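The residues making up each chain are set out below.
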Amino acid sequence: MFGTFTEIERKIINDKRLSREDGIKLFSCNELSWLGALADYVRKKKCGDIVYYNVNCHVNLTNICTSLCKFCAFGREENAKGAYAMSVDEVIAVVEDAMNDPNMSGLHIVSGLHPSWTFEKYLEIISILHKKFPNLYIKGFTGVEITHFAKISGKPIKNVLFELKEAGLQAIAGGGAEILSDRVRNLLCPKKATATEWLEVAEVAHSIGIKTNASMLYGHIETLEERVDHLIKLRDLQDKTGGFQTFIPFPFLPKNTVLGKEVKQTSMWDDLRTMAISRLMLDNFKNIKAYWVMLTVPVAQVALNFGANDIDGTIHKETILHDAGATSPRSLKEDEIIKIIHDIGRVPAACDCNFNILRLIN
Amino acid sequence: MRLNKNESINLINDSDLLKLGKMADDIRRHKFSNITTFIIDRNINYTNICQNECDFCAFFRRKNQKSAYLLSHDEIIEKVHEAVEAGATQVMIQGGLNPELGLDYYETMLRLIKKQFNITIHSFTATEIQYFASREGISILETLKRLKAAGLDSLPGGGAEILVDEVRKKISPKKISSYDWLNVMKVAHDIGMKSTATMVIGFGETMEQRIEHMEKIRNLQDETGGFRAFIMWSFQPGNTKLGGEKVSSWDYMKTLALSRIYLDNIEHIQGSWVTQGERIGQLTLGFGADDLGSIMLEENVVRAAGTAYEMSIQKMVDLIKNTGNIPAQRDTEYNILKTF
């Protein structure tokens, strides 16, 4: 058995691409420190010691959603308890509050698929935010939301993206990829963008110069093979466009979700091996993110040594995953993020949504 | 090849976590293959009245404080009874240094338990033993002999903190010195009473001091062979006078891996889900630990410092299975009772 692992190790050292079979084999490997060391080796070679973070604010415009995916604890129907949809003034108030942090540098805007909001409404929000806060970068909307905008406006994806870009959008968020398999999507989220549609948004965005992120929601009903296939789909598109900036493995948080009745939360062991295998399989991605909200801070810190070089941001106030029982804090202070990174002997770098370094903290 | 102090300082400075982890994991794998153990036990804290008043402790009370307590023998027996019913094979009875209790309180307690239950009594830290002896005006040897005769099976390794007096003076000036802690262990081992050893990190001690601690344990183990396991905790600063920050999981893992490499004469290295949480607790199994300690049907001391994680047999079994290892319930002597 270990012979195959030695062979994989040799491929990594020689910069050779791992195959689907290699990926599947890695998921059967229980030598976590070996796997981590290999991913860490690649991270070091590719990205050096810098760890990226954002001083950012998450904005979730509405939790009213037509998709109601089985793994989600955030979305709800319009007349359900706790349903909300923010007015433009409310959005501005949230951002103004976040601006009390002098280092606040950008927004991350993702929301439910509201049944009656028009595409113009979303455009207006971006446009107003961009004018009112010209120094903040705006990253927003997942491939799922963009597909939704195209459908409700009757416009091609390309036009939707152009208009958003004109309004001030600078990058597309990585969510909504879930598992890029129609089998899984039909079971969990049949009402939203298909795997092909999600990938199409990314491809079109990249073609007009908008960078996007990519993600994978794992630890629910998918097979390990489907995880590997998901990574390969992203890798293939990245070969073509080079427009993905960072990859975020999201462990499924079961609390308060429909699916949570049947599925237990992933173990830390699974989280770390998935992190490492993502780094090893995605040889054409520069950045891999340890999203502390889902992983918890201690595990995210360890994950920075399992291939990750990005720890997301201060967030200001996280909602989506705390609805799903996340036990991490709702926000971190910049000092706390810097300490997490310094503790492990790495160099924190505050960056914008396109990984331009704003401040290097030595 | 045994590491010396300087070599291990160099090793920890020159290697990253994963390199150390890999070395430790290889040793663990060589010794235990894919068996990972745990025990079912109950902690019984007979009193929280303590005259030591350590700065790092959130559990102790003064006698006249409102929440001060002392359990009667009946209450203790009832707790042991519940533990036996729940499948425990061991009780760990520990408490504060309560000046009102003579050695007969403990001897009677032990006899009553042994009379009624077939359960291992793994109880009293070196600090307590030393205190019992001085309060009774007899030697450590005599104290341990009497407790052994009354039914005490083995000693837990708590109270060691960091076995460097410079550190101890700062954090627990009234607690026994490193010499005394080691001496209690030596005397116990000499009369055939086994024990475990612990280390608590995160008091602001240096890596050199942690290694000095390991060195002292290793030297005594060479002499007596009486330590069954080494257990590493991290200081929980909540509600304590000492306060401060928790050590990072990174620091904990690195030191744990080093302990597996350094303590070449101690068989078992235990990872602590109690102080680290089950997620980092699970990770220790890839960094040298072969045992996750106890399910702990009752735990009061760490809880008092603001850290509370829950564990059940099912959770423990899943935790171990997810690492690709075979979960096994053990007894105090590390005999395997049942695999899952």
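Since we're looking at a predicted model, the values are computed, not measured.

## Some details on the overall build of chain B
Next up, step 1: Looking only at helices and strands, chain B features 13 helices and ten strands.
Next up, step 2: In terms of overall size, chain B behaves like a compact globule, its C-alpha atoms giving a radius of gyration of 19 Å where 340 residues would be expected to give roughly 20 Å.
Next up, step 3: Seen through its C-alpha atoms, chain B measures out along the principal axes to roughly 50 × 45 × 40 Å.
Next up, step 4: A burial count over chain B gives 52% of its 340 residues as buried.
Next up, step 5: Sequence separation of 24 or more characterises 79% of the internal contacts of chain B that already satisfy a separation of 6 or more.

## Observations concerning the overall build of chain A
Next up, step 1: A count of helices and strands for chain A gives 14 helices and eleven strands.
Next up, step 2: Considered along the principal axes of its C-alpha atoms, chain A spans approximately 60 × 45 × 40 Å.
Next up, step 3: By residue count, 53% of the 362 residues in chain A fall in the buried class.

## Considerations on the interface of chain A and chain B
Next up, step 1: Listed by partner, the interface residues are 20 residues for chain A and 20 residues for chain B.
Next up, step 2: Here the side of chain A that touches chain B gets six residues from one element, more than from any other, and that element is helix H3 (residues 32-47) of chain A.
Next up, step 3: A per-class count over the side of chain A that touches chain B returns nine nonpolar, seven polar and four charged.

## Some words on the sheet that holds strand E2 (residues 41-45) of chain B
What holds strands together in a sheet is hydrogen bonding between their backbones, with the strands either parallel or antiparallel.
Residues and elements named next belong to chain B.
Next up, step 1: Here we have three strands laid out as an open sheet, ordered E2-E3-E4, and parallel in their pairing. Edge positions in the open sheet fall to E2 and strand E4 (120-121), since each of these has one partner strand only.
Next up, step 2: Taken together, the two bridges between strand E3 (residues 90-94) and E4 define a ladder with parallel strand orientation. Across the sheet, residue Gln90 finds its bridge partner in E4, namely Thr120.
Next up, step 3: Taken strand by strand, helix H3 (residues 73-85) contacts E2 and E3, and its axis lies near 165° from that of E2.

## Side note on the pairing of strand E5 (residues 195-201) of chain B
All names here are of chain B.
Next up, step 1: A large share of E5 lies buried, amounting to seven of its seven residues.
Next up, step 2: In E5, alternate side chains face the same way, and those of Ser195, Ala197, Met199 and Ile201 on one face and Thr196, Thr198 and Val200 on the other are all buried.
Next up, step 3: Inspection of the sheet shows E5 paired to strand E6 (residues 227-234) by six bridges, in the parallel sense. Bridge pairing in E6 places Val200 opposite Trp233.
Next up, step 4: Between the parallel elements E5 and E6, the chain passes through helix H9 (residues 207-224) in a crossover that is right-handed.

## Overview of the environment of Thr125(B)
Next up, step 1: The residue Thr125(B) is located in the loop between E4 and helix H5 (126-136) in this model.
Next up, step 2: Sequence-distant contacts of Thr125(B), defined by excluding residues within four places in its chain, comprise Gln94(B), Pro156(B), Gly158(B) and Gly159(B).

## Remarks on unusual backbone geometry
Next up, step 1: The backbone phi angle of Glu178(A) is positive, close to 45°, even though this residue is not glycine.
Next up, step 2: Looking at the secondary structure, you find Glu178(A) in the loop between strand E5 (171-172) and helix H8 (182-188).
Next up, step 3: For Tyr334(B), which is not glycine, the phi dihedral falls at a positive 70°.
Next up, step 4: Its location among the elements puts Tyr334(B) in the loop between strand E9 (326-330) and strand E10 (336-339).

## Re helix H8 (residues 178-190) of chain B
Residue and element names in this part refer to chain B.
Next up, step 1: Across its 13 residues, H8 extends 18 Å between first and last C-alpha, which sits within 8% of the 18 Å expected from 1.5 Å per residue.
Next up, step 2: Along H8, the residues classified as buried are Trp181, Val184, Met185, Val187 and Ala188. For H8, the angular spread of the buried residues around the axis is 165°, confining them to a single face.
Next up, step 3: Those residues of H8 that are buried lie in contact with H5, helix H6 (140-150), E5 and H9.
Next up, step 4: Positive backbone phi, approximately 85°, marks Gly192, located one or two places after H8.

## Examining H3(B)
All names here are of chain B.
Next up, step 1: Counted at 1.5 Å a residue, the expected span for H3 with its 13 residues is 18 Å, and the 18 Å between its end C-alpha atoms agrees.
Next up, step 2: Looking at H3, one finds that the buried residues are Lys79, Val80 and Ala83. Angular distribution of buried residues about the axis of H3 spans 100°; they occupy a single face of the element. Residues of H3 that are exposed and angled more than 90 degrees away from the buried face: Asp74, Glu78 and Glu85.
Next up, step 3: Buried residues along H3 sit against E2, E3 and helix H4 (103-116).
Next up, step 4: Following H3 by one or two positions, Gly87 adopts a phi angle in the positive range, close to 95°.

## Observations concerning the sheet that holds strand E11 (residues 357-360) of chain A
Residue and element names in this part refer to chain A.
Next up, step 1: What the four strands build is an open sheet, ordered E9-E1-E10-E11; its pairing is mixed. Only two strands of the sheet have a single partner each, and these edge strands are strand E9 (310-313) and E11. The average angle at which neighbouring strand axes cross in this sheet is 30°, direction not considered.
Next up, step 2: Sheet topology note: the strand E1 (residues 50-54)/strand E10 (residues 347-351) ladder contains four bridges and is parallel. Bridge pairing in E10 places Tyr53 opposite Ala350.
Next up, step 3: Across the sheet, helix H14 (residues 334-343) touches E1, E9 and E10, and the angle it forms with E10 is around 145°.

## Focus: the confidence of the model for chain B
Next up, step 1: Taken as a whole, chain B shows an average pLDDT of 91; of its residues, 96% reach a score of 70 or greater.
Next up, step 2: Overall fold confidence (pTM) sits at 0.89, and the ipTM for the predicted complex is 0.82.

## Thoughts on the pairing of strand E4 (residues 137-140) of chain A
Residue and element names in this part refer to chain A.
Next up, step 1: Residues Tyr137 and Lys139 line one face of E4 and the alternating positions Ile138 and Gly140 line the opposite face, and both faces are buried.
Next up, step 2: One ladder, built from four bridges, connects strand E3 (residues 106-109) with E4; its direction is parallel. For His108, the partnering residue across the bridge sits in E4 and is Lys139.
Next up, step 3: The parallel pair E3 and E4 is bridged by helix H5 (residues 119-132), and the resulting crossover is right-handed.

## Quick word on the nonpolar core
Next up, step 1: Membership of the largest hydrophobic core comes to 206 residues, with the highest contact counts inside it found for Ala290(A), Ala303(A), Ile311(A) and Phe230(B).
Next up, step 2: Ranked by residue count, the leading element in this core is helix H11 (residues 268-281) of chain A, at eight residues.
Next up, step 3: Contact partners of Ala290(A), with chain neighbours within four places excluded, come to Met275(A), Leu295(A), Ala300(A), Ala303(A), Leu304(A), Ala308(A) and Ile311(A).

## Some points on the environment of Ala188(B)
All names here are of chain B.
Next up, step 1: On the secondary structure map, Ala188 appears in helix H8.
Next up, step 2: Once the C-alpha coordinates of Ala188 and Thr224 are considered, the two residues, 36 residues apart in sequence, prove to be 9.6 Å apart.
Next up, step 3: Beyond its immediate chain neighbours, meaning those up to four positions away, Ala188 contacts Leu144, Leu155, Met193, Ser195 and Gly226.

Rules and cut-offs
- Residues numbered from 1 in each chain as written.
- Chains lettered and ligands numbered in written order.
- Predicted model: local features only at pLDDT ≥ 70, side-chain atom pairs only at ≥ 80, totals over all residues.
- Helix = DSSP H or I, 4+ residues; strand = E, 2+ residues; numbered from the N terminus.
- Rg over C-alpha atoms; globule rule 2.2 N^0.38 Å.
- Buried ≥ 20, exposed ≤ 12 C-beta atoms within 10 Å, placed from the backbone.
- Contact = placed C-beta atoms within 7 Å.
- Nonpolar A, V, L, I, M, F, W, Y, C, P; charged D, E, K, R; others polar.
- Pairing = 2+ DSSP bridges.
- Axes fitted to C-alpha atoms, helices over the stretch in contact; angles between N-to-C directions.
- Right-handed = clockwise from strand over helix to strand, strands pointing away.
- Expected span 1.5 Å × (residues − 1).
- Arc of directions from axis to C-beta.
- pLDDT = per-residue confidence, 0-100.
- Core = buried A, V, L, I, M, F, W, Y, C linked by C-beta atoms within 7 Å.

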